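# Summary of structural features
Here is what each chain is made of, one letter per residue.
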Amino acid sequence: MIITGLLCGALLGFVMQRGRFCLTGGFRDMYLTKDNRMFYALLIAIGVQSVGVYTLVALEVIQIPTGTLPLFAIILGSFIFGIGIVLAGGCATGTWYRAGEGLIGSWIALAGYMLMSAIMKTGPLSPLNQTIQQSQLPSNSMADTLGINVWFLIALLLAVVGWIIYKEVTKPKVVIPTLKQKKHGLAHILFEKRWHPFVTALLVGLIAILAWPLSSATGRIAGLGITTPSANILQFLTTGDMAFINWGVFLVLGILVGSFVAAKASSEFRFRMPDVKTGLTSFTGGNLMGFGASLAGGCSIGNGLVMTALMTWQGWIALIFMILGTWTAVYFVFIRGRKEKNSKATVQTSVTTA
């Protein structure tokens, strides 16, 4: 459990750090700059994982219960989570790997995320969490609801992904200035060369597939997951109960290790201390992330990557409302704030001119 969890997490942290695979920036850029590349990358990772997981199911290597659908909890929790990741400056996994880069603001956000996740799962807000999740629809499987084989849905997703890749590959290339190459061979590819989002997505999808049999072998029937393991760390530290130690705990700790190795080897590791306002905002965002992800039953990875690949209503509905939550926060944090600054600047100019 320790070895495979740390190994899988380290691979994920390394790949995400080097590929800058953070969905917060991806969702934000869809709204701010109309740049959809990171969202397209997410769809590629979902498609890759979906094929791999259902192949493992067909080979009877793993089983994947999709469960019921707490619709209201998913909508509300995912929307709040989307707001939280903007304030925190990173999604659940992004916060972990940026903490490995030495970003103190991410450590602060991570503290809030772990704290609120634990409070929601076994603490004072656990009754509220359970009450909101009580209202459930009987089927979470999209294939069962539609009365079709799940592979039809996977084929549809792959067709969309294939079309996206074709359109992106055939677009006129934009030359991005780069610094002079200092490393050579594998070192250049791993630690210096800019990784394409689609290549990163392919690797993330493969790691997500790997997580299923490794986790299942330890009795944890699940793939990648961040929220519950993050809460488990704090729950173990405060109670000493070994029941909270599982494969997922070593997965998230591995993300930290893998990110640190990648950042250190690529000369991107350094401690960066935020100002007081940014620190408070990060902590608030982390708390909103923990509250929302616990309520929705998953974060940007658990719902946005894993449950979508399983072709569940939970995953795709959560993904939509995470994006809407992100866009809402982006408007109030970036766009409205920018408009207010421009208005003040215009007024000051007018007064000065007068």
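So, a few notes on the structure that sits alongside this text.

Moving on to the environment of Val 261. Relative to the assigned elements, Val 261 resides in helix H13 (residues 247-265). A residue is classified by how much of its surface remains accessible, and Val 261, at 41% relative accessible area, is partly exposed. Residues Val 261 and Met 120 lie 141 residues apart in sequence; the distance between their C-alpha atoms is 32 Å.

The next point concerns the environment of Ala 217. Relative to the assigned elements, Ala 217 resides in the loop between helix H11 (197-216) and helix H12 (227-239). Separated by 15 residues in the primary sequence, Ala 217 and Leu 202 have C-alpha atoms spaced 24 Å apart.

On to H13. Taking 1.5 Å of rise per residue, 19 residues should cover 27 Å, and H13 covers 27 Å from first to last C-alpha, within 8% of that figure. Structurally, the start of H13 carries an N-cap: the backbone nitrogen of Gly 248 is 2.9 Å from a side-chain oxygen of Asn 246. A positive backbone phi angle near 60° is found at Ser 267, which sits one or two residues after H13.

Turning next to the side chain of Glu 101. Checked against the element boundaries, Glu 101 lands in the loop between helix H5 (92-99) and helix H6 (104-122). Taking the relative accessible area as the measure of exposure, Glu 101 reaches 4% and is therefore buried. Among the polar contacts made by the side chain of Glu 101, one reaches the side chain of Gln 17 at a distance of 2.8 Å. For Glu 101, the residues in contact, after removing those within four places along its chain, are Gln 17, Arg 20, Ser 259, Ala 263, Glu 268, Phe 269, Arg 270 and Arg 272.

Once that is clear, we can look at unusual backbone geometry. Positive phi, close to 50°, is recorded for Arg 20, a residue that is not glycine. If you trace the backbone, Arg 20 turns up in the loop between helix H1 (2-19) and helix H2 (23-32). Under the relative-accessibility criterion, Arg 20 is labelled partly exposed at 36%. The backbone of Lys 34 sits at a positive phi, close to 60°, despite the residue not being glycine. One can find Lys 34 in the loop between H2 and helix H3 (37-58).

This paragraph deals with the packing of aromatic side chains. According to the stated counting rule, one finds 7 aromatic pairs in the structure shown. Both rings, one in Phe 14 and one in Phe 191, keep their centres 5.7 Å apart while their planes meet at 75°; by these two values the pair is edge-to-face. Note that Phe 14 is positioned in helix H1 and Phe 191 in helix H10 (residues 186-191), a separation of 177 residues in sequence. With a relative accessible area of 16%, Phe 14 lands in the buried category. For the ring pair Phe 269 and Phe 271, a centre distance of 5.1 Å and an interplane angle of 75° mean the geometry is edge-to-face.

Summed over the entire model, instances satisfying the criterion amount to 7 salt bridges. Across the pair Arg 37 and Asp 35 runs a salt bridge whose closest N-O atoms are separated by 3.1 Å. According to the relative accessible area criterion, Asp 35 is partly exposed, its value standing at 24%. Glu 168 is the partner of Lys 171 in a salt bridge, and the nearest nitrogen-oxygen pair spans 3.7 Å. In the salt-bridge network here, residues are joined through shared partners; they are Arg 18, Arg 20, Glu 101, Glu 268 and Arg 272.

A few words now on the layout of surface pockets. Volume-wise, the second largest pocket comes out at about 590 Å³. Along its surface, the second largest pocket is lined by 27 residues, and Arg 220, Ala 222, Gly 225, Thr 228 and Gly 297 are the ones closest to its centre. Broken down by element, the residue count for the lining of the second largest pocket peaks at 4 residues, all from H12. Of the residues belonging to the lining of the second largest pocket, the class tally is 13 nonpolar, 12 polar and 2 charged.

Parameters at a glance
- Residues numbered from 1 in each chain as written.
- Predicted model: local features only at pLDDT ≥ 70, side-chain atom pairs only at ≥ 80, totals over all residues.
- Heavy atoms only, no water.
- Helix = DSSP H or I, 4+ residues; strand = E, 2+ residues; numbered from the N terminus.
- Buried < 20%, exposed > 50% of the residue type's maximum accessible area, 1.4 Å probe, protein only.
- Expected span 1.5 Å × (residues − 1).
- Polar contact = N/O pair within 3.5 Å; in protein donor to acceptor, adjacent residues only side chain to side chain.
- Contact = heavy atoms within 4.5 Å.
- Phe/Tyr/Trp six-rings, centres within 6.5 Å; stacked < 30°, edge-to-face > 60°.
- Salt bridge = Lys/Arg side-chain N within 4 Å of Asp/Glu carboxyl O.
- 1 Å grid on protein atoms, 1.4 Å probe; cavity = no way out; pocket = protein on both sides within 12 Å on 5 of 7 lines; lining within 4 Å.
- Points joined across faces, edges and corners; volume = space filled by probe spheres on them.
- Nonpolar A, V, L, I, M, F, W, Y, C, P; charged D, E, K, R; others polar.

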